[in-house]
Amino acid sequence: MNFRWLLLVALVSCNAVAETEITPIVGYRTSGEFKDEISGATLDLNDTSSLGFIVNIDEKPGLQYEFYISHQSTRLKSSEAVSSDVIFDLDITTAHIGGVALFPIEENINAFFGAGIGATHFSPGVANYSSETEFSFNLNGGVKVALTENAGIKVGARFLGTSVNGSGSVFCSEGCRITYTSSIFKQYEVNAGLYYRF
């Protein structure tokens, strides 16, 4: 799936308003579990770093619209004996739109809480498994510290939930053998970045 058009929409939105905030972020993401139907083994994803950016646009004092995109390159693994064809690299890209509320703590420090909806795209690193794009949502919170009038540090945490209420199977080839272990695939991300307002 190509998310370049989402970046274009975000940049066009930035130019349409005076108070826009852009934050490149570096994060660390942990993930939920899958299951190998043949062996019954639990399949985990390696906890790895993530990269992305957040665009916030002021709606009114204390409230912002938010565009969030984050990418993780990880690997499906198992601590149990499984066929080698269920162990592969996996790219996960999440893109959401939503909003955040800001709460002053001190003159240059604000807490924030927000939520968003969008899609998560799973792209296996092997040709014989299909990619998957599913509806997803996030809940997030953190702290912003202003260093200057237009720049500062943003540190946050985010719960990412991907809805898997369909067949429950993923990465199908001639047949499906990898399934979700619940109706929501859960991920947790902590991230930080330097923001700039203009």
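Residues numbered from 1 in each chain as written. Predicted model: local features only at pLDDT ≥ 70, side-chain atom pairs only at ≥ 80, totals over all residues. Heavy atoms only, no water.

1. Quick look at the overall build of the protein chain
Here is step 1 of the chain: Scanning the protein chain for helices and strands turns up one helix and 12 strands.
Here is step 2 of the chain: Helices and strands appear in the protein chain in the N-to-C order α-β-β-β-β-β-β-β-β-β-β-β-β.
Here is step 3 of the chain: When the 198 residues of the protein chain are sorted by exposure, 43% land in the buried category.
Here is step 4 of the chain: Here the contacts in the protein chain between residues at least 6 apart in sequence split such that 65% fall between residues at least 24 apart.
Here is step 5 of the chain: Surface summary for the protein chain: the accessible area is close to 9,800 Å², and the carbon and sulfur share equals 60%. (Helix = DSSP H or I, 4+ residues; strand = E, 2+ residues; numbered from the N terminus. Buried < 20%, exposed > 50% of the residue type's maximum accessible area, 1.4 Å probe, protein only. Contact = heavy atoms within 4.5 Å. Areas by Shrake-Rupley, 256 points an atom, 1.4 Å probe, with all protein chains shown as cover.)

2. Concerning the pairing of strand β2 (residues 33-36)
Here is step 1 of the chain: Where burial is concerned, the two faces of β2 differ: the one with F34 and D36 is buried and the one with E33 and K35 is not.
Here is step 2 of the chain: With three bridges joining them, β2 and strand β3 (residues 42-45) adopt antiparallel strand pairing. Across the sheet, the residue bridging to K35 is T42, located in β3.
Here is step 3 of the chain: Between β2 and β3, which pair antiparallel in sequence order, lie five residues; one of them, G40, sits at a positive phi of approximately 80°. (Pairing = 2+ DSSP bridges.)

3. What about the pairing of strand β9 (residues 151-163)?
Here is step 1 of the chain: Where strand β8 (residues 132-146) lies against β9, 11 bridges are found, and the strand directions are antiparallel. Bridge pairing links V145 to I153 in β9.
Here is step 2 of the chain: Remark: four residues form the turn of the hairpin made by β8 and β9, two consecutive strands paired antiparallel.
Here is step 3 of the chain: Pairing between β9 and strand β12 (residues 184-197): 13 bridges, direction antiparallel. Bridge assignment links A157 to a residue of β12, and that residue is V190.

4. Let's talk about the side chain of S136
Here is step 1 of the chain: By the element assignment, S136 lies in strand β8.
Here is step 2 of the chain: The exposure class of S136 is buried, given its relative accessible area of 1%.
Here is step 3 of the chain: Only 2.7 Å separates the side chain of S136 from the side chain of H96, close enough to count as a polar contact.
Here is step 4 of the chain: Engagement of the side chain of S136 in a polar contact is seen with the side chain of T120, the distance being 2.8 Å.
Here is step 5 of the chain: Each residue touching S136, except ones within four places of it in the same chain, is listed here: T94, H96, I117, G118, A119, T120, G161 and T162. (Polar contact = N/O pair within 3.5 Å; in protein donor to acceptor, adjacent residues only side chain to side chain.)

5. Describing the nonpolar core
Here is step 1 of the chain: F34, F171 and I178 are the most contacted members of the largest nonpolar core, which has 16 residues in total.
Here is step 2 of the chain: The set of elements that each furnish at least two residues to this core consists of β3, β6 (89-106) and β11 (178-180).
Here is step 3 of the chain: F171 has contacts with F34, F88, L90, F122, P124, Y129, S130, E132 and I178, leaving out every residue within four places of it along the chain.
Here is step 4 of the chain: Listed in part, the six residues of the second largest apolar core include V55, I57, F67 and A95. (Core = buried A, V, L, I, M, F, W, Y, C linked by side-chain atoms within 4.5 Å.)

6. Considerations on the environment of G98
Here is step 1 of the chain: Looking at the secondary structure, you find G98 in strand β6.
Here is step 2 of the chain: For the pair G98 and Y65, spaced 33 residues apart in sequence, the C-alpha to C-alpha distance is 5.9 Å.
Here is step 3 of the chain: Those residues in contact with G98 that sit more than four places away from it in its chain are Q64, Y65, E66, A115 and G116.

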